[in-house]
Amino acid sequence: MPSAVTLTLNGESRVFDGPASGPLSVAALLAAIGLDTRKVAVERNEEIVPRSRYADTWLASGDALEIVHFIGGG
């Protein structure tokens, strides 16, 4: 049974269901909110999360995340 995780996401408190298989990772969170991992930068508790670590950076209730989505243009 998945457990709920309460996160502060870009200044807003939000509750996410963790996956049934275990804790919620940054990669799973990005997938849940529909963001492409190649087009975002993630800061967790005031530390940048390297893109290569998204799949193995676990989130816990109380974590604060800032997610910046890159948009191309000309």
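These numbers were taken from a predicted model, which means no experiment stands behind them.

What counts, and at which threshold
- Residues numbered from 1 in each chain as written.
- Predicted model: local features only at pLDDT ≥ 70, side-chain atom pairs only at ≥ 80, totals over all residues.
- Heavy atoms only, no water.
- Pairing = 2+ DSSP bridges.
- Helix = DSSP H or I, 4+ residues; strand = E, 2+ residues; numbered from the N terminus.
- Axes fitted to C-alpha atoms, helices over the stretch in contact; angles between N-to-C directions.
- pLDDT = per-residue confidence, 0-100.
- Core = buried A, V, L, I, M, F, W, Y, C linked by side-chain atoms within 4.5 Å.
- Buried < 20%, exposed > 50% of the residue type's maximum accessible area, 1.4 Å probe, protein only.
- Contact = heavy atoms within 4.5 Å.

Brief notes about the sheet that holds strand E5 (residues 47-49)
Spatial strand order, E2-E1-E7-E4-E5: 5 strands in an open sheet with mixed pairing. On the outer flanks of this sheet lie strand E2 (12-17) and E5, each paired with one strand and no other. Neighbour to neighbour, the strand axes of the sheet diverge by 35° on average, direction disregarded. Sheet analysis places strand E4 (residues 40-44) next to strand E7 (residues 64-69), joined by 5 bridges and oriented antiparallel. Looking at the pairing, alanine 41 lines up with valine 68 of E7.

Quick word on the pairing of E2
With 6 bridges connecting them, strand E1 (residues 4-9) and E2 associate as antiparallel partners. Directly across from leucine 7, in E2, lies its bridge partner arginine 14. Taken together, E1 and the strand that follows it, E2, pair antiparallel across an intervening segment of 2 residues, in which asparagine 10 is found at a positive phi of about 50°.

Looking at the confidence of the model for the protein
Here the protein averages 90 in pLDDT, and 89% of its residues register 70 or above. Looking at the elements of the protein, mean pLDDT is at its lowest for E2, recorded as 91, and at its highest for E5, recorded as 98.

Structural notes on the nonpolar core
Counting residues in hydrophobic clusters, the biggest one holds 15 residues, and the most contacted among them are Leu7, Leu29 and Val42. Only E1, helix H1 (26-32), E4 and E7 provide two or more residues apiece to this core. Once residues lying within four places of it in the same chain are set aside, the contact partners of leucine 7 are Glu12, Ser13, Arg14, Phe16, Leu24, Leu29, Leu59, Ala60, Asp63 and Leu65.

Describing unusual backbone geometry
Residues apart from glycine generally show negative phi values, whereas peptide bonds are mostly found in trans. The phi angle at asparagine 10 is positive, at roughly 50°, despite the residue not being glycine. The residue asparagine 10 is located in the loop between E1 and E2 in this model. In this structure, asparagine 45 is a non-glycine residue whose phi angle is positive, near 50°. We classify asparagine 45 as partly exposed; its relative accessible area is 35%.

As for the side chain of serine 25
The residue serine 25 is located in strand E3 (residues 24-25) in this model. Look at serine 25 and you get buried, because its relative accessible area is 6%.

Remarks on the pairing of E1
In E1, alternate side chains face the same way, and those of Val5, Leu7 and Leu9 are buried while those of Ala4, Thr6 and Thr8 on the opposite face are not. Pairing geometry for E1 and E7, over 2 bridges, is parallel. Residue threonine 8 lies in a different strand from E7, and its bridge partner there is alanine 64.

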